[in-house]
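Survey of secondary and tertiary structure
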Amino acid sequence: MEVRKTRTSFSSLENALRLLQLFSMDETELSITDISERLNISKSAAHRLLQTLKSEGFVKKDAKTNLYSLGASLLAMRKIIHSRFPICQIALPFLQELVSLSGESAHIATLHGADVIYLHKVECDHPIRLLSYVGKKNPAFCTSTGQAILAYQPRETIDRIIARGLPAFTPRTITSPSTLLEKLAQVKQQGYAISREELHEGVTSISAPIPHRNGEVRYSVSIAGPIQRINDRSIPHLVQLVMQTAHAISAKL
């Protein structure tokens, strides 16, 4: 009986976390029907989860539309992320300078399983709809932020990610394990990664690793923008800016 309760508790926690991850910049509001269908749970179970999250301020309900959106408690999580990762405070002035010089939005990211999580972001004056925000997860294998970190990880870490599959998000996504390994070797050799429409069509990103004193790479810094702005003519200059920023942050760690 006790084991059954424990399993139920974990299941509820997992569903609550999965529920929060359903919200995105494209879908800021969801109905109970949407949530129950996507989590593959009953509407009554979805309602119970939402009531619990609502009581703790993690979601809120619009009284007119009956739609749910993320609540104020998650805004506080941003402060927790920043306090948990001192690199956010260290990197801020360098990110601001990078945005000023490049004209593109800049990020700090770290590896989490097969994904990268964005720990900090500074927007440019003309941002694009990237679906990137603090706490957002994206696949590591097809993002420059992930590739810049993966290139310095042990082979077994890379193999585990490959074993989970390399799904295509665009026609330019790398889906071949051998091609990915070749690119990561190139990234490590040159010290930066470029992702051209591998995750989002029309978007190019440039990233560089931020090594610690012992050479370990846990974080990367990146810029991302439309292919009209980040193109063959501008990339060499932007690569230098991103690498300079990574070196400057690394020196402060």
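Every residue gets a number counted from 1 within its own chain, in the order that chain's sequence is written. This being a predicted model, a pLDDT of at least 70 is required before a residue's local features are given, and a value of 80 or more before pairs of side-chain atoms are given or counted; all residues contribute to the totals for chains, interfaces and linings. Working from all heavy atoms in the structure, the side-chain values ignore hydrogens and water.

The geometry of helix 7 (residues 155-163) relative to helix 8 (residues 177-190) is characterised by a closest axis approach of 11 Å and an angle of 145° between their N-to-C directions. You can see that helix 7 and helix 8 cross each other, and the crossing is right-handed. For the pair helix 7 and helix 8, the contacting residues are Arg155, Ile158 and Ile162 in the first and Pro177, Leu180, Leu181 and Leu184 in the second. Its residues placed into classes, the contact of helix 7 with helix 8 shows 6 nonpolar, no polar and 1 charged. For helices, the fitted axis covers only the stretch in contact; all axes are lines through C-alpha atoms, and the angles between them, taken along N-to-C directions, range from 0 to 180 degrees. The way it works is that DSSP assigns letters per residue, a run of H or I at least four long becomes a helix, a run of E at least two long becomes a strand, and they are numbered from the N terminus. In this scheme the crossing of two helices becomes right-handed for a clockwise turn of the near helix relative to the far one and left-handed for an anticlockwise turn of less than a right angle. Working rule for contacts: check all heavy atoms of both residues, and any pair within 4.5 Å makes them a contact. Residue type decides the class: Asp, Glu, Lys and Arg count as charged, Ala, Val, Leu, Ile, Met, Phe, Trp, Tyr, Cys and Pro as nonpolar, and the leftover types, Gly among them, as polar.

For helix 2 (residues 32-39), every residue scored as buried is listed here: Ile35, Ser36 and Leu39. On an axial view of helix 2, the arc spanned by its buried residues comes to 95°, and they lie on one face. One or two positions beyond helix 2, positive phi appears at Asn40, with a value near 60°. The buried label goes to any residue with under 20% of its type's maximum accessible area, the exposed label to any with over 50%, and the partly exposed label to all in between, with areas taken from a 1.4 Å probe on protein chains only. In this description, the arc belongs to the directions extending from the helix axis to the C-beta atoms.

Once that is clear, we can look at the pattern of salt bridges. Whenever a carboxyl oxygen of Asp or Glu lies within 4 Å of a side-chain nitrogen of Lys or Arg, that contact is scored as a salt bridge. In the structure shown here, the tally under the stated rule is 7 salt bridges. Residue Arg155 pairs with Asp159 through a salt bridge whose shortest N-O separation is 2.8 Å. Taken together, the residues Arg155 and Asp159, both in helix 7 and 4 residues apart, mark about one turn of the helix. With a relative accessible area of 48%, Arg155 lands in the partly exposed category. Lys183 is the salt-bridge partner of Glu198, the closest N and O atoms lying 2.5 Å from each other. Linking Glu198 in the loop between strand 6 (193-196) and strand 7 (203-211) with Lys183 in helix 8, this pair joins segments that are 15 residues apart in sequence. The pair Glu198 / Lys183 is uniform in exposure class, with both members buried.

Right, let's get into the pairing of strand 6. Pairing between strand 6 and strand 7: 4 bridges, direction antiparallel. Paired with Ala193 across the two strands is Ser207, which belongs to strand 7. Here, a strand pair is defined by DSSP locating no fewer than two bridges between the strands. From the end of strand 6 to the start of strand 7, which pair antiparallel, there are 6 residues, and Glu197 there has a positive phi angle of about 55°.

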